[in-house]
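Spelled out, the chains give:
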Amino acid sequence: MATPGAEEDALARYRSPLVSRYASAEMGFNFSERKKFGTWRRLWLYLAQAEKSLGLPITDEQIQEMEANLDNIDFKMAAEEEKKLRHDVMAHVHTFAHCCPKAAAIIHLGATSCYVGDNTDLIVLRDGFNLLLPKLARVISRLADFAEKYADLPTLGFTHYQPAQLTTVGKRCCLWIQDLCMDLRNLERARDDLRFRGVKGTTGTQASFLQLFEGDHSKVEELDRLVTAKAGFKRAYMVTGQTYSRKVDIEVLSVLAGLGASIHKICTDIRLLANLKEIEEPFEKDQIGSSAMPYKRNPMRSERCCSLARHLMTLVLDPLQTASVQWFERTLDDSANRRVCLAEAFLTADIILSTLQNISEGLVVYPKDCHEKIRVLSQQAAAVVKQEGGDNDFIARVQADPYFSPIHKQLESLLDPSSFTGRAPQQVAKFLKEEVRPALIPYQSKMGGKIELAL
């Protein structure tokens, strides 16, 4: 048997479909090892620069050497070092020091592993939100255009999935949009509430830095402030253990789980409407709905969203349990769990937003189907249809009955479905104008064009 090449060898190992099949390249990179370890090196640089500015004996030459090698990462050497040391941070300290021999003595000076580990996680979470927010805004924008277009189109409303009073296609869409606008605000809040762990030392007391600065508390506080600013954060957590509080992860994954719930509801509605022949998601020219039933037009994009949204909603259980068992200043049973759940939550949210954008850009409405179902129900001829199995002949009966002759000329207008939809069109217009469009203003430059799905 021939020796497998690199590509064939990769196919012999499990690859997460979140990356290999679905998520965007940008979100995949955000949780990549290159982003992670490149950020570690930048954090070591920020620390050295701040320590130098506050008087520690660090030279310009050492700083320049670190700057020149931020992305010069020998991943093979790092893997060998980690295998030997059984410590990922020290493996990368040694690897960085190997290409920065002059700066070797001051890399990671005074810091603990969580200085790079936790601070990098916070940077990645922030950057993940910054990738998701424009995507969510684009979905809202596309659905707002759809709601505006069909603000007046009557359709049968359902409560308990039983026929109810009429609404409009646009008004129903606004129910979806309102949930997504809540998610937009929640994601913005979660991002803006994130703080930096900063420079806190092994158990959060900053003892090692106080020793470096010979008991000068003001310099330790300034060091924390400087590094926090260099990393792009306005604030750091004032108190930490060895790690930032794992309650932060709960807040982050809670808002993503909420987004998953919204999208699951929207896509379930679309799936039900597809069966009613009122609305369908986009269907490509060469797309196959079923290998055995070629006439089928399965709502596979909406089904994908529901499938992945279920996974997203369950992931918040991980940080809930992790936060509850962090003994005192920290335990290490959080590490392996967080490597999985944080990345998967953002990757999954990224996928379902891209898919929902594709759906919302190509929704197809069938007005005649909407109208016919309204007509059948609005005339209340259920007895004939249900009990006798006959056709709905209510209008013919009215037209043939002399009793109704005074309204025969008005019959068409009386049976106009739009007369039963209340203020739905006006509600759509007011909601889009006053709540939705203003919320999208910060994202106008990132709206972009239509999205095509690879699979």
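All values derive from a computational prediction rather than experimental measurement.

**Let's talk about the overall build of the protein chain**
In terms of regular secondary structure, the protein chain is built from 20 helices and 4 strands. In the protein chain, which comprises 455 residues, the proportion classed as buried is 48%. The long-range share in the protein chain, meaning contacts at least 24 apart out of those at least 6 apart in sequence, stands at 78%. Carbon and sulfur atoms form 54% of the exposed surface of the protein chain, whose accessible area is close to 23800 Å².

**Notes on a nonpolar patch on the surface**
Taken together, the side chains of Val325, Trp327 and Phe328 define a hydrophobic patch exposed on the protein surface, amounting to about 430 Å² of accessible area. With respect to the secondary-structure elements, tryptophan 327 resides in the loop between helix H14 (317–324) and helix H15 (335–360).

**Remarks on the packing of aromatic side chains**
Per the counting criterion, the structure on display carries 10 aromatic pairs. Taking 4.8 Å as the distance between ring centres and 80 degrees as the angle between the ring planes, the aromatic pair formed by phenylalanine 37 and tryptophan 40 counts as edge-to-face. Pair noted here: phenylalanine 37 and tryptophan 40 are both in helix H4 (residues 33–53), with a separation of 3 residues, about one helical turn. Judged by relative accessible area, tryptophan 40 falls into the buried class, the value being 2%. Their ring planes at 25 degrees and their centres at 6.0 Å tell us that tryptophan 44 and phenylalanine 96 sit as a pair that is stacked. With tryptophan 44 in helix H4 and phenylalanine 96 in helix H7 (residues 88–99), the pair connects residues that are 52 residues apart, well separated along the chain. Given a relative accessible area of 1%, tryptophan 44 falls into the buried group. Classification of phenylalanine 96 as buried rests on a relative accessible area of 0%. These aromatic residues form a ring-pair network of at least three members: Phe37, Trp40, Trp44, Phe75 and Phe96.

**Topic: the pattern of salt bridges**
Applying the stated rule across the entire model yields 23 salt bridges. Measuring nitrogen to oxygen at the nearest pair gives 2.8 Å for the salt bridge that ties arginine 246 to aspartate 334. Of this pair, arginine 246 sits in the loop between helix H11 (217–230) and helix H12 (247–275) while aspartate 334 sits in the loop between H14 and H15, and the two are 88 residues apart along the sequence. Comparing arginine 246 with aspartate 334 shows no difference in burial state: the two are buried.

**Section: the packing of H4 against H7**
Two elements in contact, H4 and H7, have axes whose closest approach is 11 Å; the angle formed by their N-to-C orientations is 70 degrees. With respect to each other, H4 and H7 are oriented roughly perpendicular. In the packing of H4 onto H7, the handedness of the crossing is right-handed. Together, Phe37, Trp40, Arg41 and Trp44 of H4 and Asp88, Val89, His92, Val93, Thr95, Phe96 and Cys99 of H7 make up the contact between the two elements. Its residues placed into classes, the contact of H4 with H7 shows 7 nonpolar, 2 polar and 2 charged.

**Quick look at the packing of helix H9 (residues 169–193) against H12**
Where H9 meets H12, the closest approach of the two axes is 9 Å, and the angle between their N-to-C directions is 165 degrees. On the basis of their axis angle, the class for H9 and H12 is roughly antiparallel. Relative to H12, H9 is oriented so that their crossing is left-handed. Within the contact between the two elements, H9 uses Arg172, Trp176, Asp179, Leu180, Asp183, Asn186, Leu187, Arg189 and Ala190 and H12 uses Val255, Leu256, Gly258, Leu259, Ser262, Ile263, Lys265, Ile266, Asp269, Ile270 and Leu273. The residue makeup of the contact of H9 with H12, split by class, is 11 nonpolar, 3 polar and 6 charged.

**Re the pairing of strand E2 (residues 162–168)**
Sheet topology note: the strand E1 (residues 154–159)/E2 ladder contains 5 bridges and is antiparallel. Looking across to E2, one finds that phenylalanine 158 is bridged to proline 163. Counting the residues between successive antiparallel strands, the hairpin from E1 to E2 contains 2 residues, one of them, histidine 160, with a positive phi of roughly 60 degrees.

**A word on the nonpolar core**
Core analysis: the largest hydrophobic core is formed by 115 residues, its most contacted members being Trp44, Tyr115, Ile177, Leu180 and Leu256. In terms of residue count, the dominant contributor to this core is helix H8 (residues 113–149) (16 residues). In this view, tryptophan 44 contacts Met66, Val89, His92, Val93, Phe96, Ile107, His108, Tyr115 and Val116; residues no more than four positions away in its chain are not counted.

**A word on the confidence of the model for the protein chain**
With 85% of its residues at a pLDDT of 70 or more, the protein chain shows a mean pLDDT of 89. Between residues 290–295, whose pLDDT stays under 50, and residues either more than four places distant or in other chains, the model counts 2 contacts.

**As for the state of the cysteines**
For the structure shown, the criterion picks out 0 disulfides. Cysteine 181 carries a free sulfur, and the closest cysteine sulfur to it, the one in cysteine 174, is 9.2 Å from it. Summary of cysteine pairing: cysteine 267 is not part of a disulfide, and the nearest cysteine sulfur, belonging to cysteine 305, is at 3.9 Å. Judged by its relative accessible area of 0%, cysteine 267 falls in the buried class.

**Here we look at unusual backbone geometry**
With a phi angle near 55 degrees, tyrosine 161 is a residue other than glycine that sits in the positive phi range. Tracing the backbone through its elements, the reader meets tyrosine 161 in the loop between E1 and E2. With relative accessibility at 41%, the residue tyrosine 161 sits in the partly exposed group.

**Concerning H12**
Compared with an ideal rise of 1.5 Å per residue, which puts 29 residues at 42 Å, H12 spans 42 Å between its outermost C-alpha atoms and is within 8% of the ideal. Note on H12: the residue one or two positions beyond its end, lysine 277, has a positive phi of about 65 degrees.

**Points about the side chain of arginine 41**
Counting through the fold element by element, arginine 41 comes out in helix H4. As a buried residue without a salt bridge, arginine 41 has its nearest oppositely charged side chain in aspartate 71, at a separation of 7.5 Å. In this structure the side chain of arginine 41 is engaged in a polar contact, spanning 2.9 Å, whose partner is the backbone oxygen of asparagine 72.

**Concerning the side chain of serine 24**
In this fold, serine 24 is placed in the loop between helix H2 (17–22) and helix H3 (25–30). Within the local environment of serine 24, its side chain forms a polar contact with the backbone nitrogen of methionine 27, the two atoms lying 3.2 Å apart. In contact with serine 24, other than residues within four places in its own chain, are Lys135 and Asp350.

Calculation rules
Residues numbered from 1 in each chain as written. Predicted model: local features only at pLDDT ≥ 70, side-chain atom pairs only at ≥ 80, totals over all residues. Heavy atoms only, no water. Helix = DSSP H or I, 4+ residues; strand = E, 2+ residues; numbered from the N terminus. Buried < 20%, exposed > 50% of the residue type's maximum accessible area, 1.4 Å probe, protein only. Contact = heavy atoms within 4.5 Å. Areas by Shrake-Rupley, 256 points an atom, 1.4 Å probe, with all protein chains shown as cover. Patch = residues over 30% accessible without salt bridge, like charges linked within 9 Å, V, L, I, M, F, W, Y side chains within 5 Å. Salt bridge = Lys/Arg side-chain N within 4 Å of Asp/Glu carboxyl O. Phe/Tyr/Trp six-rings, centres within 6.5 Å; stacked < 30°, edge-to-face > 60°. Axes fitted to C-alpha atoms, helices over the stretch in contact; angles between N-to-C directions. Parallel < 35°, antiparallel > 145°, perpendicular 65-115°, else oblique. Left-handed = near helix turned anticlockwise from the far one by under 90°. Nonpolar A, V, L, I, M, F, W, Y, C, P; charged D, E, K, R; others polar. Pairing = 2+ DSSP bridges. Core = buried A, V, L, I, M, F, W, Y, C linked by side-chain atoms within 4.5 Å. pLDDT = per-residue confidence, 0-100. Disulfide = S-S within 2.5 Å. Expected span 1.5 Å × (residues − 1). Lys, Arg positive; Asp, Glu negative; His and termini not counted. Polar contact = N/O pair within 3.5 Å; in protein donor to acceptor, adjacent residues only side chain to side chain.

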